[in-house]
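Here are the chains, one letter per residue:
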Amino acid sequence: MKKRYWRCFVCNDVHYGIAPPELCPTCKVLHAYVEITAEEARKILGGGPETTMATEDFRASIERFTVGNEFQVNPAADKVSLLLTGIFENEKNHGFKFCPCRLRTKDWEEDLKLICPCNFPIHETYKGVKDGECWCGLFVRRK
Ligand code: SF4
């Protein structure tokens, strides 16, 4: 099934998915979503908060992302810095924070899976591996 865009008619929260959420996570109104086009979604989101992010803000964001999860950002700071440089180079050159250690396919849906952080817990380098990590080692299983 194909994902589509949805807009909360109360607060303009934008959702991208097969179906809209029953409850708007932002304004908590029930059954508030109406389908919109990708172009409308782009315009709404483009007018939102700051669209660029400094490396340190992304770093803080992925630290928050790991809270409550079984993985953490790799404590090896030099490695993390190198990977973040690659991620931001990809954003500059290709429009998204693509994975710094995998090649894009030019297939839109497939390439969306390469935006960092990706769904690495399903990767063979992580799943069921004691000292598992994402392909690049940006995230590692907590000890
Ligand atoms: S493998 Fe690691 S660095 Fe690459 S996109 Fe996934 S989480 Fe990011």
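Residues numbered from 1 in each chain as written. Predicted model: local features only at pLDDT ≥ 70, side-chain atom pairs only at ≥ 80, totals over all residues.

**Looking at the site of the ligand**
Here comes step 1: Surrounding the ligand, one finds 13 residues, the nearest of these being C99, C116, C118, C134 and C136.
Here comes step 2: Of the residues assigned to the shell around the ligand, the class counts are 13 nonpolar, no polar and no charged. (Near = placed C-beta within 6 Å. Nonpolar A, V, L, I, M, F, W, Y, C, P; charged D, E, K, R; others polar.)

**A look at the sheet that holds strand β3 (residues 33–36)**
Here comes step 1: The three strands lie next to each other as β2-β1-β3, forming an open sheet whose pairing is antiparallel. In the strand order of this sheet, the two ends are held by β2 (14–17) and β3, each with one partner. Taken pair by pair, the neighbouring strands of this sheet meet at an average axis angle of 35°, ignoring direction.
Here comes step 2: Of the pairings in the sheet, the one linking strand β1 (residues 4–8) to β3 comprises four bridges and is antiparallel in character. By the bridge assignment, R7 is partnered in β3 with V34. (Pairing = 2+ DSSP bridges. Helix = DSSP H or I, 4+ residues; strand = E, 2+ residues; numbered from the N terminus. Axes fitted to C-alpha atoms, helices over the stretch in contact; angles between N-to-C directions.)

**Some points on the domain arrangement of the chain**
Here comes step 1: Entries for the chain in the domain assignment read domain 1 (4–46) and domain 2 (55–141).
Here comes step 2: If you average the C-alpha positions of domain 1 and of domain 2, the two centres end up 27 Å apart. (Domains from an automatic or database assignment.)

**Concerning the pairing of β1**
Here comes step 1: Counting buried positions over the five residues of β1 gives four, a clear majority of the element.
Here comes step 2: Across four bridges, β1 lies against β2 in antiparallel orientation. Each residue of the ladder has a partner; that of Y5, found in β2, is Y16.
Here comes step 3: Once β1 ends, the chain turns through five residues before running back antiparallel as β2, passing N12 with a positive phi of about 65°. (Buried ≥ 20, exposed ≤ 12 C-beta atoms within 10 Å, placed from the backbone.)

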